[in-house]
Structures are given as C-alpha cells and as structure tokens.
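Descriptive analysis of the structure
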Amino acid sequence: MAMGTQEIKDALYEELKEDIIEMAKSKYANFFVQKLLRYGSKDQKNAVMKAMMGNTSRLMKHKTAGVVVELAYNDYANADQRNSMLQEFLGPEYRLFKEPEVRTVAELIAKHPEKKAEMVKNLKANVETLITKGCYNHSLVHTVIHNYLSVAEGKAGLR
C-alpha cells in the first residue's frame, strides 16, 4: 500500500472493502486496514471510518482491532467522528442514533436526564469489559473511563 501505484491500491481496496471489520480483527489483515488509513485515498479512509461506525465499542474490546480503531480515532477522525465513537459506548441506541452537537457524556445526560441510569449502566459495563480484557492502553478507552468516572455516583465516581 505504501509503495504501490494508485491502481493497485484501488484494486486491493475494491476486492477487500466488504471485509474491513473482519480484517481489523485478524492478526495479520489488520495491517492492511491500518495501511488503508495511512496511505489510502480520502474516499477509502472515509469508507474505513464509516465501516467502524456502529462497531466501535465492540472492536475496542478486541485486542487486535483496538489498535486499528485507536489509529483511526487518534490520527484520522474529525471531532464529530470522535464524538460518535465515544457515544457508542453508551448503549445500543447510540450505535445507530448519534447526537453530534453533544461533546461529553455529562452534556448528554443533562440533555436527557431520564436516560442517565441506562447510560451509566451501559458505560460501566463497557468499562469493566475493557479493563477485564486488558484493553486500556488506548486514548479512546481513557476518554470512556474519564467520562464514566465523571458521571458515576458513589465510590465509582470522581467526587
């Protein structure tokens, strides 16, 4: 991908674009997805980001795929995409329906106080899973943990 011509890059991408998520989980194929993010065209990078949307929380729980998501989150995602990736940890509703104008979990809870218990419960479950699996070396996970601690009450919270 780094040294090939654009025609070769396009041909590889066209052949494998349907399997981006599965490749991100693969021990060796994840490198292809990383190369797409680094050296692919703008459309290819956007397609990889779009494929990850709705799957971010699940992919972060996978040791190999977490590296790919982290690269996308840190180096290629814009602010709205980062926000969308974070919101996916709040539950199944937010995998499909994002709120781009809200930046933090605290702001989202202030906007929808009736959903606080459900959001905190889902966030806690995701944080516990990430820590149990040892997937806590990524900045996206740190952001998720920070947001959880900022809204959690009792011994779990920052207060």
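Below, the structure is looked at part by part.

Definitions and limits used
Residues numbered from 1 in each chain as written. Predicted model: local features only at pLDDT ≥ 70, side-chain atom pairs only at ≥ 80, totals over all residues. Heavy atoms only, no water. Phe/Tyr/Trp six-rings, centres within 6.5 Å; stacked < 30°, edge-to-face > 60°. Lys NZ or Arg CZ within 6 Å of the ring centre and 35° of its normal. Helix = DSSP H or I, 4+ residues; strand = E, 2+ residues; numbered from the N terminus. Contact = heavy atoms within 4.5 Å. Salt bridge = Lys/Arg side-chain N within 4 Å of Asp/Glu carboxyl O. Buried < 20%, exposed > 50% of the residue type's maximum accessible area, 1.4 Å probe, protein only. Axes fitted to C-alpha atoms, helices over the stretch in contact; angles between N-to-C directions. Parallel < 35°, antiparallel > 145°, perpendicular 65-115°, else oblique. Left-handed = near helix turned anticlockwise from the far one by under 90°. Nonpolar A, V, L, I, M, F, W, Y, C, P; charged D, E, K, R; others polar. Core = buried A, V, L, I, M, F, W, Y, C linked by side-chain atoms within 4.5 Å. Lys, Arg positive; Asp, Glu negative; His and termini not counted. Polar contact = N/O pair within 3.5 Å; in protein donor to acceptor, adjacent residues only side chain to side chain. Arc of directions from axis to C-beta.

Focus on the packing of aromatic side chains
Taken as a whole and assessed by the stated rule, the structure comprises 0 aromatic pairs. The cationic tip of Arg82 hangs over the ring face of Tyr73; the distance from NZ or CZ to the ring centre is 5.4 Å.

Section: the environment of Ala72
When you line up the elements, Ala72 lands in helix 6 (residues 63-76). Taking the C-alpha atoms as reference points, Ala72 and Glu15, separated by 57 residues in sequence, lie 21 Å from one another. Ignoring anything within four residues of it in the chain, the contact list for Ala72 reads Leu37, Met49, Met52 and Ala77.

Considerations on the pattern of salt bridges
All chains considered together, the criterion is met by 10 salt bridges. With a closest N to O distance of 2.9 Å, Lys17 and Glu14 form a salt bridge. On the accessibility criterion, Glu14 (47% relative accessible area) is partly exposed. Shared partners join several salt bridges into a network, and the residues in it are Glu99, Glu101 and Lys111.

What to know about the packing of helix 4 (residues 42-52) against helix 6
Interhelical geometry of helix 4 versus helix 6 gives an angle of 120 degrees and a closest axis separation of 11 Å. The orientation of helix 4 relative to helix 6 falls into the category oblique. In terms of crossing hand, the pair formed by helix 4 and helix 6 is left-handed. On helix 6, the residues that touch Lys45, Met49 and Met52 of helix 4 are Val68, Val69, Ala72 and Tyr76. Of the residues assigned to the contact of helix 4 with helix 6, the class counts are 6 nonpolar, no polar and 1 charged.

Examining the nonpolar core
One finds Leu37, Met52 and Leu123 to be the most contacted residues of the largest nonpolar core, which totals 44 residues. Among all residues touching Met52, those that are not within four sequence positions of it are Ile21, Leu37, Leu59, Val68, Val69, Ala72 and Glu88.

What about the side chain of Glu70?
Tracing the chain through its elements places Glu70 in helix 6. In this structure, Glu70 is buried with no salt-bridge partner, the nearest side chain bearing the opposite charge being Arg82 at 8.8 Å. Polar side-chain contacts of Glu70 include one of 2.6 Å to the side chain of Asn74. A distance of 2.5 Å separates a polar atom in the side chain of Glu70 from a polar atom in the side chain of Ser139. Glu70 has contacts with Met60, His138, Ser139 and Leu140, leaving out every residue within four places of it along the chain.

Observations regarding helix 4
For an α-helix, the turn length of 3.6 residues means that residues three or four places apart are oriented alike. What helix 4 keeps buried is the set Gln44, Val48, Met49 and Met52. Projected down its long axis, helix 4 shows its buried positions confined to an angular sector of 140 degrees, all on one face. Exposed residues pointing more than 90 degrees away from the buried face of helix 4 are listed as Lys42, Asp43 and Lys50. Residues of helix 4 that are buried in the fold lie against helix 1 (6-16), helix 2 (20-25), helix 3 (30-39), helix 5 (56-60), helix 6 and helix 7 (79-87). Where helix 4 terminates, the next one or two residues include Gly54, which has phi positive at roughly 95 degrees.

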